[in-house]
Amino acid sequence: MNKGFWYAVAAYFTWGLFPMYWKALETVPALQLLGHRIVWSFVFMLILLLALRQGKAFLAEISSPRILLTYSVAAVFLAVNWLTYVWAVNAGYIVETSLGYFINPLLSMLLGVLILHENLRPFQWIPVGLAAAGMLYLTFAYGYFPWIGLTLAVSFGIYGFVQKVAPLNSLHSVTLETLILFLPAAIYLTAMEITGGGAFLHSDWGINLLLIGAGVVTTIPLLMFAAATQRITLFLIGVLQYIAPTMYFLIGVFVYNEKITPERLTGFAIIWLALILFAVEGYLSRRGEPAPAV
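In this text the structure is predicted, and so the values were computed from the model without any measurement.

(A) How the structure looks around helix 9 (residues 170-194). The terminal C-alpha atoms of helix 9 lie 35 Å apart, and with 25 residues this matches the ideal 36 Å at 1.5 Å per residue to within 8%. In helix 9, a bend of some 40° at F182 exceeds every other bend along the element, and P184, a proline, comes one to four places later. Among the residues making up helix 9, those that are buried are S170, L171, H172, S173, V174, T175, L176, E177, T178, L181, A185 and L189. In this fold, the buried residues of helix 9 make contact with helix 3 (30-51), helix 4 (55-61), helix 5 (65-90), helix 8 (147-165) and helix 10 (205-229). Sitting at the amino-terminal end of helix 9 is N169, which places a side-chain oxygen 3.2 Å from the backbone nitrogen of L171. Immediately beyond the C-terminal end of helix 9, within one or two residues, lies G196, with a positive phi of roughly 85°.

Shown next, in the form of structure tokens:
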């Protein structure tokens, strides 16, 4: 439990610094960034797998069609999340990306209701309703549907849910997910190279090194997150998840000077209120639970 807590804190803090990393690669198209994240992540995971002599165990565990199908679903939603995020950061929507990860804990709770048929306590419907009201307000305040935030929330919420119920350990699960995505990513990057649109080795060495490093900075927090989900509750995962979007919001406003209008701030405040109520309700309900028998 203690290890899981610190794995989660380290993962979310590392993710919180991501906007600055991807901003340094803003000259590279988002699809190519996605391709390099996948390819170099798989290369890093393969090296790690072989160094730990886990190759045979990995191959034995992924022989089941059910395992392959489960992690294919996780891989697809992970790719959607990665692509949406790097595009949004480099298009100047860092603050809006924070919105997606602020509402993700509430979405995870709804996934439990809709898929696992869990019951919400009566007071839990209040933050859910407030978050929905905040999203509706932002839709009218922006003048368009906040699809970036919702796409990030839905994709990562489903990915986290699959990680929670899937059987593989963090090393094998991340390796399998990047393996599933590797071939289409490699084909796309090869096609870009053939048509003369590739960025790798056609930019300065700083860009090239950052593209290679994308595999390391992507997989290390992902490994820590996968390890954390297997050790601590989804409730604690949800609470700690506020670290990253808070950092996104602050970086977007104070580092990259993204504009926050009063209307936009009001919408965020409604959602923040929902999160506070959600956390308080969870804390109070856990205090009221009977102590375990000894």
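Once you've had a look at it, read on.
(B) Representation of the layout of surface pockets. By volume, the second largest pocket is sized at about 210 Å³. Only helix 6 (94-115), helix 7 (125-142) and helix 8 provide two or more residues apiece to the lining of the second largest pocket. For the lining of the second largest pocket, the element with the highest residue contribution is helix 7, accounting for five residues. Each residue belonging to the lining of the second largest pocket can be placed in one class, and the counts come to twelve nonpolar, no polar and no charged.

(C) Examining the pattern of salt bridges more closely. Tallying each qualifying case throughout the model produces one salt bridge. With its nearest N and O atoms 3.9 Å apart, the salt bridge here joins K23 to E26.

(D) Seen up close, the nonpolar core. Core analysis: the biggest nonpolar cluster contains 61 residues, and Y12, W15, W22, L25, Y85 and F225 have the highest contact counts within it. Per-element accounting of this core gives the leading share, eleven residues, to helix 5. Counting residues in each nonpolar core, the second largest holds 19 residues, with I103, L106, V128 and F268 among its members.

(E) Spatial organisation of the packing of aromatic side chains. One pass over the structure, following the stated rule, counts 22 aromatic pairs. The interplanar angle of 55° and the centroid separation of 5.7 Å between the aromatic rings of Y12 and W15 together place this pair among those described as tilted. With Y12 and W15 both in helix 1 (residues 2-16), this residue pair falls three residues apart, about one helical turn. Residue Y12 is classed as buried on the basis of its relative accessible area of 1%.

Definitions and cut-offs
Residues numbered from 1 in each chain as written. Predicted model: local features only at pLDDT ≥ 70, side-chain atom pairs only at ≥ 80, totals over all residues. Heavy atoms only, no water. Helix = DSSP H or I, 4+ residues; strand = E, 2+ residues; numbered from the N terminus. Expected span 1.5 Å × (residues − 1). Bend = angle between axes of the 7 residues up to and from the residue. Buried < 20%, exposed > 50% of the residue type's maximum accessible area, 1.4 Å probe, protein only. Contact = heavy atoms within 4.5 Å. Polar contact = N/O pair within 3.5 Å; in protein donor to acceptor, adjacent residues only side chain to side chain. 1 Å grid on protein atoms, 1.4 Å probe; cavity = no way out; pocket = protein on both sides within 12 Å on 5 of 7 lines; lining within 4 Å. Points joined across faces, edges and corners; volume = space filled by probe spheres on them. Nonpolar A, V, L, I, M, F, W, Y, C, P; charged D, E, K, R; others polar. Salt bridge = Lys/Arg side-chain N within 4 Å of Asp/Glu carboxyl O. Core = buried A, V, L, I, M, F, W, Y, C linked by side-chain atoms within 4.5 Å. Phe/Tyr/Trp six-rings, centres within 6.5 Å; stacked < 30°, edge-to-face > 60°.

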